[in-house]
Amino acid sequence: MIFIVVKFQVKPEKAEEWPQITKEFTEATRAEPGNKWFDWSRSLDDPNEYVLVEAFDDDAAEAHVKSDHFQQATADGGPMNSALVSTPKIISRQIDGEGWDEMGELQVS
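From a predicted model like this one, the values you see are computed outputs, not experimental measurements.

### What to know about the pattern of salt bridges
Across all of its chains, the model carries 4 salt bridges by this definition. Across the pair Glu16 and Arg42 runs a salt bridge whose closest N-O atoms are separated by 3.0 Å. With Glu16 in the loop between strand E1 (2-9) and helix H1 (18-21) and Arg42 in strand E2 (residues 35-42), this residue pair connects regions lying 26 residues apart in the sequence. The exposed category is assigned to Glu16, whose relative accessible area is 64%. A salt bridge links Arg30 to Asp39; the nearest nitrogen and oxygen atoms lie 3.8 Å apart.

### A few points about the side chain of Glu54
Mapped onto the fold, Glu54 is located in strand E3 (residues 49-56). No salt bridge is formed by the buried Glu54; the nearest opposite charge belongs to Arg30, separated by 9.2 Å. Side chain to side chain, Glu54 and His64 meet in a polar contact 2.7 Å long. When residues no more than four places from it in sequence are discounted, the contact partners of Glu54 are Ile2, Phe3, Ile4, Thr29, Trp37, Phe38 and His64.

### Re helix H2 (residues 23-30)
Buried residues of H2: Phe25, Thr26 and Thr29, and no others. Buried positions in H2, seen along its axis, are confined to an arc of 100° and lie on one side of it. Elements that come into contact with the buried residues of H2 comprise E2, E3, helix H3 (58-66) and helix H4 (68-74).

### So, the pairing of E1
Strand residues, when the strand is regular, have side chains that alternate between the two faces of the sheet. Judged by how many residues are buried, E1 sits mostly within the fold: 7 of 8 residues are covered. Here 8 bridges tie E1 to E3, and the two strands are oriented antiparallel to one another. In the strand pairing of E3, Lys7 is matched with Val51.

### Digging into the packing of aromatic side chains
By the definition in use, this model includes 6 aromatic pairs. Where Phe8 meets Trp18, the ring centres are 5.6 Å apart and the plane angle is 45°; that geometry is what we call tilted. Taken together, the residues Phe8 in strand E1 and Trp18 in helix H1 connect sequence positions 10 residues apart. Classification of Phe8 as buried rests on a relative accessible area of 6%. Connected via pairs of aromatic rings, a cluster forms that spans Phe8, Trp18, Phe25, Phe38, Trp40 and Tyr50.

About the thresholds
- Residues numbered from 1 in each chain as written.
- Predicted model: local features only at pLDDT ≥ 70, side-chain atom pairs only at ≥ 80, totals over all residues.
- Heavy atoms only, no water.
- Salt bridge = Lys/Arg side-chain N within 4 Å of Asp/Glu carboxyl O.
- Helix = DSSP H or I, 4+ residues; strand = E, 2+ residues; numbered from the N terminus.
- Buried < 20%, exposed > 50% of the residue type's maximum accessible area, 1.4 Å probe, protein only.
- Lys, Arg positive; Asp, Glu negative; His and termini not counted.
- Polar contact = N/O pair within 3.5 Å; in protein donor to acceptor, adjacent residues only side chain to side chain.
- Contact = heavy atoms within 4.5 Å.
- Arc of directions from axis to C-beta.
- Pairing = 2+ DSSP bridges.
- Phe/Tyr/Trp six-rings, centres within 6.5 Å; stacked < 30°, edge-to-face > 60°.

Encoded structure:
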């Protein structure tokens, strides 16, 4: 399993709209073959920061990054990029084992 964590620093004026801005991307990603888990959370420390956590089967993670909806959402001028302050910070990790307990702890800094 590939576990992907991405931090998004969103423009303050777009922070409340972020769930709607990313709605099509979110729905398309959740429907992808090999998607195990996908969820957004909002930072408690910074209301303009969102964290995306995704889990994919090993062979599906690359297809996700190359998918049309991923490319469109992250392209220059795309809906996600136009709402961002900076380039998202990506942290990825390959997980061995089937259970969540076997993942260990993942720190997002």
